[in-house]
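Each chain, letter by letter, is given below.
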Amino acid sequence: MSDGIITYEGRTLCILIERWTMQSTSRSSELGPLTVMEQDTDFIPDLPEGPLSMYRKQASFDWKKLKLVFDKPEILKLKLKVWKTLEADVLFHNGDKTHSVDEQKRLAMLQLVKYLQYKFYTDGVANNNYKKKTRTMMDLNEAMAVLNLNISVKFALGVSLFANAILSLGTERHLPLYEAAWRGEIFSCVALTEVGHGSNTKKMRTTATYDPCTHEFVVHTPDFQAAKCWIGNLGKTCTYALLFAQLYTADGTCHGLHGFVTPIRDPKTLLPFPGIIVGDMGEKTGLNGIDNGFIIFQQYRIPRESLLNRLSDVTLDGEYETMFTTPEQQLGAALENLSAARVGIMGEGTNACCSAVAIAVRYAAVRKQFGPSADSELPILEYQLHQWRLFPYMAATCALKVFVADFTDQYLECVERSNSGESIEDLPASVSEIHAMVSSTKPLVTWTCRDTIQECREACGGHGFLKASGLGDLRNNFDASVTYEGDNNVLVQQTSNWLLRQWARVLDGSEVASPYHTVNFLADSADILKKKFRGQDVTNNEFILDAYQWLVCWLLRETHHRLLASQELGEDRFTARNNAQVFRARTLSLVYGENNALTYFWRRCNSRELDGRVKAVLTKLHSLYGLWCLDKHLSTFYQGGYATGSTLADLVKEGILQMCSQLKSEAVGVADALAPPDFVLNSVIGKSDGKLYDNLQAQFFHNSGAMERPTWWSEIAPKPLSKL
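Everything numeric here is computed off the predicted structure, so don't read it as measured data.

**Side note on the overall build of the chain**
Now for step 1: Check the secondary structure of the chain and you find 24 helices and 13 strands.
Now for step 2: Here the chain holds 724 residues, and the buried ones make up 59% of them.
Now for step 3: Long-range pairs, those at least 24 residues apart, make up 76% of the contacts in the chain between residues at least 6 apart in sequence.
Now for step 4: If you sum the accessible surface of the chain, you get close to 29800 Å²; carbon and sulfur atoms cover 52% of it.

Quick look at the structure:
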């Protein structure tokens, strides 16, 4: 722990997570079992004939086979089952108007209750296989997130995250709560953030003081700045909280942040228990189905057994026992559950990108504007400017979708191995690296998704501004993800801290501590940094990956030099790191995340099990995403002496346009592979039939109150003139 930034070292997470073993360190190696592209695709519904057929016939590949790259068959079958079931339930059909905030919360809760009653999670989730259970839960949550992010978030906070914390931090005495959560008998929230502190968890000020006379913890909020806030499900509905508070023993010693399962409301009346002040925070710019709340504890007593005690405990007599040597290690263990939440957000983000890109590309294929002659008009997909706007985001969506899916599988595998009690070597290094990966990937995905949705909204013009386009709600609801479960700009600092530690090992001649091989190339940094651009083919995938290795090495070296210069000026460690963020450490972390995404995606592109035509289009998408990313960092390549003159910049920009041109005929096929069914997409301008104007006419004519006189007509009608 340093400078208010959490790091995970030592034995912090020995129960929660272990390392996975990469199958090979080569770029073209497999990441484990991949989808066999010869598998049956008949279970995937066909798409209707219509105006989009012209572009669909131009695609060089089978869009259904590409779809199985993005979702394994068993995952896609599960999602299709969920979507088909919910489509038949009128409760899950969205209306054409925005409800009041209170009604949005009511509907979201009713939908969640009904969703739980369907018990989609029974097969695979409610069993003892951790990986299968958690993977299925995440897939279900993704399926719901695409349809309604409000329900997905409520489910994640109210059921899965709470239950996961009990399994990883609790013991047998907490299992009844775990089972009750999965049965929907209790509904929870995660109470961490406070009014005065969000990211700096060390400074949380809610206290839980043990009273050995009554064998209870006394939970107290010392002042308003210590009030828990922004807690999803807390405002109106939850009956339990996974509360994080500073644990004090009777002698006044603070043992750091711990988790407590805390009753909040009477489940029969939903009234708060005495000693609690709880309320709703009010309307937000999006996600108003979530009742974010605040809570103040007034000497509120909970049983000693409320403490999640797998890692640390308090005896009946008030003695504190722990497997850790410092409060910082305890803090890391208590908060590691947030890593699972962040991985879930990555999945939600890539799926939100899928919806946005599908809407915008389909719209562009049928929306015609201007043309080479007075009597002709072209689909806006034909315009280079439109391709340049949309296709890089399409490529980014494909790359991040594959990366996050593969990373999630391996993340869950390593946690499962840890839970099995298997002895794993290099545990501290493994823990640190996976945390660095999560801390860079969550910002990369959520920022990319935010920008993708906005560009897609703008690319659909005025029609994209309709609520019925689906893009506005998608944007507003997803926007909060860049902040919750770890503010992005804080998370990337944790990644840069880890990277700087690896650079220090390189400088002192030690082996890089990278069990997952994400920075093994640092061992060759001296040779990598000598490389110069010699006019190579920039669309070549290997060139892109080589350029990224140079970028990571140079940014690491420069960030290290900046910190050394600060030391020489007498700056303390906190100030030095603070002053090294802009243009250095922050950029370094994001470049590291982009390099991981490109590397994982390239491995998938080289899978021997891929259909050849699918592989060809994936390779083009990889090139486009890589060039688009490199374009953002051109100034760094020139600053570091990797290139001189305008050649590199010219070739990168021309390469982007070249790849856009090559992907024009493939774009609708890619969009179809990314898109969920029409019911889930819920967009009047992005339907799979491509009947844009028929669908718009139906929307215009039949939206609520479209042709009715306003109820307030008499207030604006002109009054008759009085007789002179």
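So much for the structure itself; the text now carries on.
**So, the packing of aromatic side chains**
Now for step 1: Under the criterion given, the structure shown has 18 aromatic pairs.
Now for step 2: Taken together, a centroid distance of 5.6 Å and an interplanar angle of 80° make the contact between Y115 and F155 edge-to-face. A residue pair is termed long-range when its members are at least 10 positions apart, and Y115 in helix α4 (residues 101-118) and F155 in helix α6 (residues 149-169) qualify at 40 residues.
Now for step 3: Relative accessible area serves as the criterion here: at 1%, F155 is assigned to the buried category.
Now for step 4: An aromatic cluster of three or more residues is present, and its members are Y115, Y118, F120, F155 and W182.
Now for step 5: Looking at K77, its charged tip hangs above the ring of F43, at a distance of 5.0 Å from the centre.
Now for step 6: Here R603 stacks its cationic end above the ring of Y600, 5.5 Å away from the centre of that ring.

**Focus: helix α3 (residues 73-87)**
Owing to its 3.6 residues per turn, the α-helix brings residues three or four apart onto one side.
Now for step 1: Counted at 1.5 Å a residue, the expected span for α3 with its 15 residues is 21 Å, and the 21 Å between its end C-alpha atoms agrees.
Now for step 2: Among all positions in α3, only P73, I75, L76, L78, K79, L80, V82, W83 and L86 are buried.

**Comments concerning the pattern of salt bridges**
Now for step 1: Counting across every chain of the model gives 31 salt bridges.
Now for step 2: One salt bridge connects D672 with R362, and the closest N-O pair in it is separated by 3.0 Å. In this pair, D672 is assigned in helix α21 (residues 667-674) and R362 in helix α9 (residues 337-366), connecting sequence segments 310 residues apart. With respect to burial, D672 and R362 carry one shared label: buried.
Now for step 3: The structure contains a network of salt bridges with shared partners spanning D71, K72, K79, R135, D139, E142, K401 and D409.

**A few points about a negative patch on the surface**
Now for step 1: Residues D251, D317, E319 and E321 make up a contiguous surface patch of negative charge.
Now for step 2: As for its placement among the helices and strands, D251 is situated in the loop between β5 (240-248) and β6 (254-263).
Now for step 3: With relative accessibility at 62%, the residue D251 sits in the exposed group.

**Focus: the packing of helix α15 (residues 541-568) against helix α18 (residues 612-632)**
Now for step 1: Direction vectors running N to C along α15 and α18 enclose 35°, while the axes themselves pass 9 Å from each other. In the crossing of α15 with α18, the sense of the turn from one axis to the other is left-handed. On α18, the residues touching N541, F543, I544, L545, A547 and Y548 of α15 are T619, H622, S623, G626, L627, C629 and L630.
Now for step 2: Tallied by class, the residues present in the contact of α15 with α18 amount to eight nonpolar, five polar and no charged.

**A few points about the sheet that holds strand β4 (residues 228-231)**
The pairing of strands in a sheet comes from backbone hydrogen bonds and takes either a parallel or an antiparallel form.
Now for step 1: Sheet architecture is open: three strands sit in the order β4-β8-β7, paired in antiparallel fashion. Two strands lie at the open edges of the sheet, namely β4 and β7 (276-280), each paired on one side alone. On average, each strand axis in the sheet is inclined to that of its neighbour by 15°, with strand direction left out of account.
Now for step 2: Here two bridges tie β4 to strand β8 (residues 293-297), and the two strands are oriented antiparallel to one another. Each bridged residue has a counterpart across the sheet, and for I231 the counterpart in β8 is G293.

**Structural notes on helix α13 (residues 488-507)**
Now for step 1: Counted at 1.5 Å a residue, the expected span for α13 with its 20 residues is 28 Å, and the 29 Å between its end C-alpha atoms agrees.
Now for step 2: At the N-terminal end of α13, a side-chain oxygen is found 3.1 Å from the backbone nitrogen of N489, two or three residues along, and the residue is D487.

**Some remarks on the pairing of strand β3 (residues 216-220)**
One face of the sheet, then the other: side chains in a regular strand alternate in exactly this way.
Now for step 1: Alignment of strand β2 (residues 207-211) against β3, held across five bridges, turns out to be antiparallel. Paired with D211 across the two strands is E216, which belongs to β3.
Now for step 2: Connecting β2 to the next strand, β3, in antiparallel fashion are four residues, including H215 with a positive phi near 60°.
Now for step 3: Note that β3 and strand β9 (residues 300-303) share four bridges and pair antiparallel. Residue pairing across strands places V219 opposite Y300, the latter belonging to β9.

**Some remarks on the side chain of T559**
Now for step 1: Residue placement: T559 occurs in helix α15.
Now for step 2: Among the residues examined, T559 registers a relative accessible area of 1% and is labelled buried.
Now for step 3: In this structure T559 touches L500, A580, R584, A585 and L588, once residues within four positions along its chain are discounted.

**Comments concerning the packing of helix α2 (residues 63-70) against α21**
Now for step 1: One way to put it is that α2 packs onto α21 with a least axis distance of 8 Å and a crossing angle of 50°. Judged on the interaxial angle alone, α21 and α2 are oblique. Considering only the axes of α2 and α21, their crossing is right-handed. Contacts between α2 and α21 involve W63, L66, K67 and F70 on the former and, on the latter, G669, V670, D672, A673 and L674.
Now for step 2: A breakdown of the residues in the contact of α2 with α21 according to their chemical character gives six nonpolar, one polar and two charged.

**Description of the confidence of the model for the chain**
Now for step 1: Predicted confidence across the chain gives a mean pLDDT of 89, with 90% of residues reaching 70 or more.
Now for step 2: Under a pLDDT of 50 for its full length, residues 1-26 has, in the predicted model, 108 contacts with residues more than four places off or in other chains.
Now for step 3: Under a pLDDT of 50 for its full length, residues 28-37 has, in the predicted model, 31 contacts with residues more than four places off or in other chains.

Calculation criteria
- Residues numbered from 1 in each chain as written.
- Predicted model: local features only at pLDDT ≥ 70, side-chain atom pairs only at ≥ 80, totals over all residues.
- Heavy atoms only, no water.
- Helix = DSSP H or I, 4+ residues; strand = E, 2+ residues; numbered from the N terminus.
- Buried < 20%, exposed > 50% of the residue type's maximum accessible area, 1.4 Å probe, protein only.
- Contact = heavy atoms within 4.5 Å.
- Areas by Shrake-Rupley, 256 points an atom, 1.4 Å probe, with all protein chains shown as cover.
- Phe/Tyr/Trp six-rings, centres within 6.5 Å; stacked < 30°, edge-to-face > 60°.
- Lys NZ or Arg CZ within 6 Å of the ring centre and 35° of its normal.
- Expected span 1.5 Å × (residues − 1).
- Salt bridge = Lys/Arg side-chain N within 4 Å of Asp/Glu carboxyl O.
- Patch = residues over 30% accessible without salt bridge, like charges linked within 9 Å, V, L, I, M, F, W, Y side chains within 5 Å.
- Lys, Arg positive; Asp, Glu negative; His and termini not counted.
- Charge placed at Lys NZ, Arg CZ, Asp CG, Glu CD.
- Axes fitted to C-alpha atoms, helices over the stretch in contact; angles between N-to-C directions.
- Left-handed = near helix turned anticlockwise from the far one by under 90°.
- Nonpolar A, V, L, I, M, F, W, Y, C, P; charged D, E, K, R; others polar.
- Pairing = 2+ DSSP bridges.
- Polar contact = N/O pair within 3.5 Å; in protein donor to acceptor, adjacent residues only side chain to side chain.
- Parallel < 35°, antiparallel > 145°, perpendicular 65-115°, else oblique.
- pLDDT = per-residue confidence, 0-100.

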